[in-house]
Amino acid sequence: MGAKGGSSAKDRSLREQLQVKPGARIDLATFDCGATLGRKKDDAEVAIAANLVRLTDLQERLYAESKHAVLIVLQGIDAAGKDGTIRVIAGAFNPQGTPVTSFKEPTPEELAHDFLWRVHAAVPGKSEIGIFNRSHYEQVLIVRVHNLEPEAQWRRHYGEIRDWERMLTDEGVTIIKFFLAIDKDTQRQRFQERVDDPTKRWKFSSTDLPERRLWDQYQAAFEDMLAETSTDFAPWHLIPANRNWLRNLAVSEIVADIIDELNPQYPEPAAGIEGLKIV
């Protein structure tokens, strides 16, 4: 994944550690989804709070400047923590500048168009930080696993996605992609918690267990997705997501660092405002 070197894990940024290099092959069967990356939970809670303060300030400046758009893409198997991540990160933002889009099963109208049609319509505009809960990547994940298209067709989508994301970045959209990786036993525990807790039981779907039986097929699809679509202009970040605190730390830090590089600034006020006395 990220940069290698003699320094310890805690001395390198999470962005360096977790970014997937273009073309890199990740073996998810050996990936440590419970890794702490040299961090400690108590320290992480303090760092997360600081990151959220940074994000609040950065979003306000980005919204005021109205020159940049940011798209955060969250992917992961069922119960990987996409909703929880959104609750934490979006909690730092003013909702009017943070559209969140959850992509469900396509409607008949959406199916009548190309697969990017409904996704492109949800891309954030300048001044916005948009969040996708699942995304255009379902076209090389669920479509592949459930044989909804011939292999030659869904494999073609990798190139189409790369080209589309290249076009977005050329137009000023900063794309930040996260794959939240959990292991199979963690998914089992989270499903069981949903079943056992009456306040969470509504989250459990009749399709969850049949989908769980396709674990290996999804892992293969995830591995190809990461290898085929992590690019210099829109890289994936592979997040160990068994531990919610590590997941929240990594995502909040990486998003804040990337937006900070855009260096959003408050615009100059209109002439004549400075020193104005309101009566």
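This text goes with the structure placed above it.
Residues numbered from 1 in each chain as written. Predicted model: local features only at pLDDT ≥ 70, side-chain atom pairs only at ≥ 80, totals over all residues. Heavy atoms only, no water.

Colleague: Describe the nonpolar core, listing the residues and the values that go with them.
Modeller: Core analysis: the largest hydrophobic core is formed by 76 residues, its most contacted members being Phe178, Phe179 and Leu238. With 10 residues, helix 11 (residues 244-262) is the largest single contributor of residues to this core. Those residues within four positions of Phe178 in sequence are excluded, and the remaining contacts are Ile72, Val73, Leu74, Gln75, Trp236, His237, Ile239, Val251, Ile254 and Val255. (Core = buried A, V, L, I, M, F, W, Y, C linked by side-chain atoms within 4.5 Å. Buried < 20%, exposed > 50% of the residue type's maximum accessible area, 1.4 Å probe, protein only. Helix = DSSP H or I, 4+ residues; strand = E, 2+ residues; numbered from the N terminus. Contact = heavy atoms within 4.5 Å.)

Colleague: Just give me the short version of unusual backbone geometry, but keep the residues and values in it.
Modeller: The phi dihedral of Leu37 is positive, around 55 degrees, even though this residue is not glycine. Mapping Leu37 onto the fold places it in the loop between helix 1 (14-18) and helix 2 (41-65). With phi around 75 degrees, Ala79 is a residue other than glycine that occupies positive phi space. Take Ala79: it is sitting in the loop between strand 1 (69-76) and helix 3 (82-90).

Colleague: Any chance you could break down the layout of surface pockets for me, citing the residues and the numbers?
Modeller: When its volume is computed, the second largest pocket comes out at roughly 250 Å³. In this structure, the second largest pocket is lined by 17 residues; those nearest its centre are Arg15, Thr174, Ile175, Phe233 and Ile258. Only strand 4 (173-181) and helix 11 provide two or more residues apiece to the lining of the second largest pocket. In terms of residue count, the dominant contributor to the lining of the second largest pocket is strand 4 (4 residues). Each residue belonging to the lining of the second largest pocket can be placed in one class, and the counts come to 7 nonpolar, 6 polar and 4 charged. (1 Å grid on protein atoms, 1.4 Å probe; cavity = no way out; pocket = protein on both sides within 12 Å on 5 of 7 lines; lining within 4 Å. Points joined across faces, edges and corners; volume = space filled by probe spheres on them. Nonpolar A, V, L, I, M, F, W, Y, C, P; charged D, E, K, R; others polar.)

Colleague: Can you break down helix 10 (residues 215-229) residue by residue, with the values?
Modeller: With 15 residues, helix 10 extends 21 Å between its outermost C-alpha atoms, agreeing within 8% with the 21 Å of an ideal straight helix rising 1.5 Å per residue. Taking burial as the measure, the 15 residues of helix 10 include 11 buried ones, the bulk of the element. For helix 10, the complete set of buried residues consists of Trp215, Tyr218, Gln219, Ala221, Phe222, Glu223, Asp224, Met225, Leu226, Ala227 and Thr229. (Expected span 1.5 Å × (residues − 1).)

Colleague: Residues and numbers for the sheet that holds strand 5 (residues 236-240), please.
Modeller: If you trace the 5 strands from one edge of the open sheet to the other, you get 2-3-1-4-5, paired in parallel fashion. The strands lining the two open edges of the sheet, one partner per strand, are strand 2 (100-102) and strand 5. Averaged over all pairs of adjacent strands, the angle between strand axes in this sheet comes to 20 degrees, irrespective of strand direction. Here strand 4 pairs with strand 5 via 5 bridges, running parallel. Across the sheet, the residue bridging to Phe178 is His237, located in strand 5. Across the face of the sheet, helix 11 comes into contact with strand 1, strand 3 (129-133), strand 4 and strand 5 while running at roughly 170 degrees to strand 4. (Pairing = 2+ DSSP bridges. Axes fitted to C-alpha atoms, helices over the stretch in contact; angles between N-to-C directions.)

Colleague: I'd like to hear about helix 11, residue by residue, with values.
Modeller: Between its terminal C-alpha atoms helix 11 stretches 28 Å, which fits the 27 Å expected from 19 residues at 1.5 Å a residue. Of the residues one or two after helix 11, Asn263 is the one with positive phi, at around 50 degrees.

Colleague: Hey, could you go over the packing of helix 2 against helix 11 for me, with residue numbers and the actual values?
Modeller: Close contact between helix 2 and helix 11 brings their axes to 9 Å; oriented N to C, the two are set at 35 degrees. The handedness of the crossing between helix 2 and helix 11 is left-handed. Mapping the contact onto sequence places Lys41, Ala44, Glu45, Ala47, Ile48, Asn51, Arg54, Leu55, Leu58 and Leu62 in helix 2 and Trp245, Asn248, Leu249, Ser252, Glu253, Val255, Ala256, Asp257, Ile259, Asp260 and Leu262 in helix 11. Along the lines of polarity and charge, the residues of the contact of helix 2 with helix 11 split into 12 nonpolar, 3 polar and 6 charged. (Left-handed = near helix turned anticlockwise from the far one by under 90°.)

Colleague: I'd like to hear about the pattern of salt bridges, residue by residue, with values.
Modeller: This structure, assessed with the given rule, holds 14 salt bridges. The salt bridge involving Arg54 is made with Asp257; its shortest N-O contact spans 3.0 Å. With Arg54 in helix 2 and Asp257 in helix 11, this pair connects stretches of sequence that are 203 residues apart. The partner of Arg188 in a salt bridge is Asp185, with the nearest N and O atoms 2.8 Å apart. With Arg188 and Asp185 both in helix 8 (residues 184-196) and 3 residues apart, this pair spans about one turn of that helix. What makes Asp185 partly exposed here is its relative accessible area of 39%. Among the charged side chains, a salt-bridge network with shared partners connects Arg25, Arg144 and Asp224. (Salt bridge = Lys/Arg side-chain N within 4 Å of Asp/Glu carboxyl O.)

Geometry only, nothing functional implied.
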